[in-house]
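What follows is the residue order along each chain.
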Amino acid sequence: MSQAELAPAGAGPARRNPLWTFGILRSELTTTLRRWRTIALLGVLAAVPVLIGIAVRIETADGSPSGPGGGGGGPAFLSQVTNNGLFLVFASLAATLPVFLPMAVGVIAGDAVAGEANAGTLRYLLVAPAGRTRLLLAKYASTLVFCLIATLVVAASALAVGALLFPVGDVTTISGTRIGFGDGLLRALFVAVAVAASLIGFAALGLFVSTLTNSGIAAMAATVGVLITVQIVDTIPQLGAVHPYLFPHYWLSFADLLREPVYWDGLLKNLGLQALYAAVFGSAAWARFTAKDITA
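Residues numbered from 1 in each chain as written. Predicted model: local features only at pLDDT ≥ 70, side-chain atom pairs only at ≥ 80, totals over all residues. Heavy atoms only, no water.

S.K.: Sorry, what's going on with the pattern of salt bridges here?
M.R.: Any two side chains of opposite charge can pair, given that their charged atoms come close. Taken as a whole and judged by the stated rule, the model has 5 salt bridges. Ionic pairing is found between E260 and R187, a salt bridge with its closest N-O pair at 2.4 Å. With a gap of 73 residues between them, E260 in the loop between α11 (216–233) and α12 (265–291) and R187 in helix α9 (residues 181–197) connect regions that are remote in the sequence. Judged by relative accessible area, E260 falls into the partly exposed class, the value being 35%. The partner of D265 in a salt bridge is K269, with the nearest N and O atoms 3.4 Å apart. On the criterion of helical spacing, the pair formed by D265 and K269 is a turn pair, its members being 4 residues apart in helix α12. A relative accessible area of 36% places D265 in the partly exposed class. Each of R35, R37 and D111 takes part in one network of salt bridges that share partners. (Salt bridge = Lys/Arg side-chain N within 4 Å of Asp/Glu carboxyl O. Helix = DSSP H or I, 4+ residues; strand = E, 2+ residues; numbered from the N terminus. Buried < 20%, exposed > 50% of the residue type's maximum accessible area, 1.4 Å probe, protein only.)

Next comes the structure, spelled out in structure tokens:
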């Protein structure tokens, strides 16, 4: 065995071993995804497209149109679902992104550090040769993986329900051009990735909140409270000057992926804003966590 493998817990060589980083991340992912709370959140997210699809199917059973112009209303792309089930993916992501997806991420991110402290396991985790920085990075990375998994669960559920209840085929883009079903599926995948990337900044904010308290419930409630408050601010016209700086402002820019050609301006603004939030609140979380007195 090498000296790094024989080193006791907390030894310098073991801390520098990249296998420890991979092991910590794998452990965090396994722990997060195996929790009943996580499974329940994913189950709720998977159920949303089912409910939307059934509602549209029932509403259009008599031949009446749905969506804007047909009296149905609802999220964007809903009026196209009856013509092409693939649009249920876009409609479901548009419906879940403002509330359901970020709330699920807020629960996971808010509980990341505070939940460990509340359960009395945070000190035990820091005994391992990981260090606070690596542990925090592993928790943030596992939260980002959850963002992607949650988004893909919504997309996969919507695709299955859409194909079961409605016809599928060529896709008419927002620009009015038609693309093949294969290209439409690829666009749907890109949309899901863009939606997951839209939650990067909010995940960092939730992780920062989680370092401020030892109560997981308080951290989750505060994170969701910030989400609701910011979204309310984003709807007030008198505060339009600050809207471009709010993390949810460009969330629905993923619709530009359905233009021909793709309109990148809103997408790039969204990614830049999310990166800024991730940098600011990620740094704040690191500064707080590395200086925090761990008593549990």
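Read on, since the account is not over.
S.K.: When you look at α9 in this model, what are you seeing that I'm missing?
M.R.: Residue pairs three or four apart in sequence face the same way in an α-helix, which turns once every 3.6 residues. Between its first and last C-alpha atoms α9 spans 24 Å; for 17 residues at 1.5 Å apiece the expected length is 24 Å, and the two agree. Of all the positions in α9, only G184, R187, A188, V191, A192, A194, V195, A196 and A197 are classed as buried. (Expected span 1.5 Å × (residues − 1).)

S.K.: Even after reading the chapter, I still don't get the packing of helix α10 (residues 200–210) against α12, so can you show me in this structure?
M.R.: It is the contact of α10 with α12, at a shortest axis distance of 7 Å, that shows an interaxial angle of 15°. Taken together, α10 and α12 sit at an angle that is classed as roughly parallel. Like other packed secondary-structure pairs, α10 and α12 cross with a definite hand, here left-handed. For the pair α10 and α12, contact is made by I200, G201, F202, A204, L205, L207 and F208 and by Q274, Y277, A278, F281, G282, A284 and A285, respectively. (Axes fitted to C-alpha atoms, helices over the stretch in contact; angles between N-to-C directions. Parallel < 35°, antiparallel > 145°, perpendicular 65-115°, else oblique. Left-handed = near helix turned anticlockwise from the far one by under 90°. Contact = heavy atoms within 4.5 Å.)

S.K.: Is there a simple way to think about the nonpolar core in this case?
M.R.: Counting 71 residues, the largest nonpolar core has F77, V81, V89, F90, F146, F247 and F254 as the members making the most contacts within it. Of all the elements in the fold, those that place two or more residues in this core are α4 (36–59), α5 (87–96), α6 (100–119), α8 (132–165), α9, α10, α11 and α12. Tallying contributions element by element places α8 first for this core, with 11 residues. With sequence-adjacent residues up to four places away left out, F77 is seen in contact with F87, F90, A91, I174, F254, A255 and L258. (Core = buried A, V, L, I, M, F, W, Y, C linked by side-chain atoms within 4.5 Å.)

S.K.: Can you walk me through the environment of G23 in this structure?
M.R.: For G23, the position within the fold is in helix α3 (residues 18–34). For the pair G23 and A138, spaced 115 residues apart in the sequence, the C-alpha separation amounts to 9.4 Å.

S.K.: I'm lost on the side chain of T211 in this one. Help?
M.R.: Locating T211 in the fold gives a position in the loop between α10 and α11. With relative accessibility at 0%, the residue T211 sits in the buried group. Not counting the four nearest positions on each side in its chain, T211 is found in contact with V113, L136, A285, R288, F289 and K292.

S.K.: In this structure, what is going on with the confidence of the model for the protein chain? I would like to understand it.
M.R.: Close inspection of predicted coordinates is inappropriate for parts of the model with low pLDDT. Confidence along the protein chain averages 82 in pLDDT terms, with 81% of residues attaining 70 or more. Counting interchain partners and residues more than four positions distant, the pLDDT-below-50 stretch residues 1–15 has 16 contacts. Scored below 50 in pLDDT, residues 66–74 makes 15 contacts in the model with residues more than four places away or belonging to other chains. (pLDDT = per-residue confidence, 0-100.)

S.K.: I keep staring at the packing of α5 against α9 and nothing clicks. Help me out?
M.R.: Each pair of packed helices can be described by the angle between their axes along with the distance between the axes. Their axes nearest at 10 Å, the elements α5 and α9 cross at an angle of 10°. One element, α5, and the other, α9, form an angle in the roughly parallel class. Counted together, V89, F90 and L93 of α5 and G184, A188, V191, A192 and V195 of α9 form the full contact between these two elements.

S.K.: Whenever I open this one, a nonpolar patch on the surface confuses me. Can you help?
M.R.: Taken together, the side chains of L148, L152, L186, L189, F190 and V193 make up a nonpolar region of the molecular surface, amounting to roughly 480 Å² of accessible area. Elements with a contribution of two residues or more to the nonpolar patch: α8 and α9. Here the nonpolar patch takes 4 residues from α9, the largest share from any one element. Classification of L189 by relative accessible area gives partly exposed; the value is 42%. (Patch = residues over 30% accessible without salt bridge, like charges linked within 9 Å, V, L, I, M, F, W, Y side chains within 5 Å. Areas by Shrake-Rupley, 256 points an atom, 1.4 Å probe, with all protein chains shown as cover.)

S.K.: Any chance you could explain the environment of S92 here in plain terms?
M.R.: By the secondary structure assignment, S92 is in helix α5. Counting along the chain gives 42 residues from S92 to V50, while the straight-line C-alpha distance between them is 9.2 Å. Not counting chain neighbours up to four residues away, the residues in contact with S92 comprise P49, I52, V154 and A158.

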